[in-house]
Amino acid sequence: NRLENARLENGNLIIEARKNDFDQPWTSARLTTRGKVSFLYGKIEFRAKVPFADGTWAAGWFLGDAYVDELSWPYVGEIDVLECVGNEIDDETGSGINHASCHTRTYYFKEGTQITATSQVENMANAFHSYSIEWSPEGILGFVDGEHYFTYDKTADKLEWPFNEPQNIILNLAMGGGMGGTIDPELSKAQFIIDYVRVYGRK
């Protein structure tokens, strides 16, 4: 509910993390379509510009509608389409790494078995790029600017393929954490800028 952390500006969605704000070390925002609209199969595309300071952790991802609490994850499935951290982005060029992953009960990060891939993205901090998946009953393909680099095709049973149930979209900018790492002490704010999110149905 705070425009300081999430707002529309110049036609873009801005998610902004702010230091020493609202009586907290950091504030930010997490936006979700949960309870509003969910998706099953199709092409989903995020066009975004990511922050590059150390400690930032920007993400556009999916979580199964059946999620109730930590015990229901990763059984419900998670699809990470856009995931990057500032400490992997070059300060001078703005180029860095995007991560795409799928988490299921059979393959997930707490057991070190997640199926993931990375893509080098030129100037991802200063220019908009397209991060997308194509999701079908046969598997999930990941793309950056139309270039395929990620495949998840484990469909033997529900423990490795919960992706035949609806999922909702989440956009968030986290600070620190297990993947974000140490936050730059000189940083006072960071912005995750989303040009659009598009969902294309599957015939």
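First, a word on what this report is: a plain description of the structure on this page.

**What about the overall build of the protein?**
Step number 1: If you tally the helices and strands in the protein, you get one helix and 14 strands.
Step number 2: Taking 2.2 N^0.38 as the reference for a compact globule, 203 residues should give roughly 17 Å; the C-alpha atoms of the protein span a radius of gyration of 16 Å, in line with that estimate.
Step number 3: Counting across all 203 residues of the protein, residues that qualify as buried make up 49%.
Step number 4: Of the contacts formed within the protein by residues at least 6 apart in sequence, a portion of 67% connects residues at least 24 apart.

**Concerning the sheet that holds strand E7 (residues 78-85)**
Step number 1: Within the open sheet, the six strands sit side by side as E4-E13-E6-E7-E8-E9. Their pairing is antiparallel. Edge positions in the open sheet fall to strand E4 (30-32) and strand E9 (115-121), since each of these has one partner strand only. On average, each strand axis in the sheet is inclined to that of its neighbour by 15°, with strand direction left out of account.
Step number 2: Bridge count between strand E6 (residues 56-64) and strand E13 (residues 167-175): nine bridges; the pairing is antiparallel. Pairing of Leu63 across the sheet is with Asn168, part of E13.

**What about the pattern of salt bridges?**
Step number 1: In this structure the tally under the stated criterion is 10 salt bridges.
Step number 2: Between Arg2 and Asp21 there is a salt bridge, and its shortest N-O distance comes to 2.9 Å. Of this pair, Arg2 sits in the segment before strand E1 (6-9) while Asp21 sits in strand E2 (residues 12-21), and the two are 19 residues apart along the sequence.
Step number 3: For Arg2, a relative accessible area of 23% puts it in the partly exposed group.
Step number 4: Residues Arg18 and Glu16 are paired through a salt bridge, measuring 2.9 Å at the closest nitrogen-oxygen approach.
Step number 5: Several salt bridges converge on common partners, so that one network encompasses Arg2, Glu4, Arg7, Glu9, Glu16, Arg18 and Asp21.

**Observations concerning unusual backbone geometry**
Step number 1: Residue Pro74 follows Trp73 across a cis peptide bond; omega there is 10°.
Step number 2: Its place among the elements puts Pro74 in the loop between E6 and E7.
Step number 3: Positive phi outside glycine occurs at Asn123, with the angle close to 55°.
Step number 4: When you line up the elements, Asn123 lands in the loop between E9 and strand E10 (129-136).

**Points about the pairing of strand E8 (residues 96-103)**
Step number 1: Among the eight residues that make up E8, eight are buried, leaving the element largely enclosed by the rest of the structure.
Step number 2: Judged from the three bridges that link them, E7 and E8 form a sheet pairing that is antiparallel. Bridging from a neighbouring strand, Asp80 pairs with Ser101 of E8.
Step number 3: Inspection of the sheet shows E8 paired to E9 by seven bridges, in the antiparallel sense. In the sheet register, Ile97 faces E9, and the bridge partner there is Gln120.

**A closer look at the nonpolar core**
Step number 1: Of all hydrophobic cores here, the largest spans 45 residues; its most connected members are Phe62, Ile79, Trp135, Ile140, Phe150, Tyr152 and Phe192.
Step number 2: The residues touching Trp135, leaving out its near neighbours within four places in the chain, are Phe39, Leu40, Tyr41, Gly42, Ile44, Ile79, Ile140, Trp161, Phe163, Glu165, Gln167 and Arg202.

**Observations regarding the environment of Thr116**
Step number 1: Counting through the fold element by element, Thr116 comes out in strand E9.
Step number 2: We classify Thr116 as partly exposed; its relative accessible area is 39%.
Step number 3: Sequence separation of Thr116 and Asp145 is 29 residues, and the distance between their C-alpha atoms is 18 Å.
Step number 4: When residues no more than four places from it in sequence are discounted, the contact partners of Thr116 are Ala100, Ser101 and Phe150.
Step number 5: A polar contact of 2.8 Å, which involves the side chain of Thr116, links it to the backbone oxygen of Ala100.
Step number 6: Within the local environment of Thr116, its side chain forms a polar contact with the side chain of Ser101, the two groups lying 2.7 Å apart.

Reading guide: rules and limits
- Residue numbers restart at each chain and count upward from 1, following the sequence in its written direction.
- Since the coordinates come from a predicted model, pLDDT governs what is reported: local features require at least 70, and pairs of side-chain atoms require 80 or more to be given and counted, while whole-chain, interface and lining totals use all residues.
- With hydrogens and water set aside, each side-chain value is computed from the structure's full complement of heavy atoms.
- Only DSSP runs of H or I covering at least 4 residues are called helices, and only runs of E covering at least 2 are called strands; the numbering of each starts at the N terminus.
- Our radius of gyration looks at C-alpha atoms and nothing else; its globule reference is 2.2 Å times the residue count to the power 0.38.
- Using a 1.4 Å probe on the protein chains alone, a residue whose accessible area is under 20% of its type maximum counts as buried, one over 50% counts as exposed, and one in between counts as partly exposed.
- The contact criterion used is simple: two residues touch if any of their non-hydrogen atoms lie within 4.5 Å.
- DSSP calls a pair of strands paired once it identifies at least 2 bridges connecting them.
- To define axes, lines are fitted to C-alpha atoms, for helices over the stretch in contact only, and angles between the resulting N-to-C directions are given on a 0 to 180 degree scale.
- Salt bridges are defined by distance alone: a side-chain nitrogen of Lys or Arg within 4 Å of a carboxyl oxygen of Asp or Glu.
- By nonpolar core we mean a set of buried residues, namely Ala, Val, Leu, Ile, Met, Phe, Trp, Tyr and Cys, connected to one another through side-chain atoms within 4.5 Å.
- Any pair of nitrogen or oxygen atoms within 3.5 Å is treated as a polar contact; in protein, a donor-acceptor pairing is required on top of that, and neighbouring residues in sequence qualify only through side-chain atoms on both sides.

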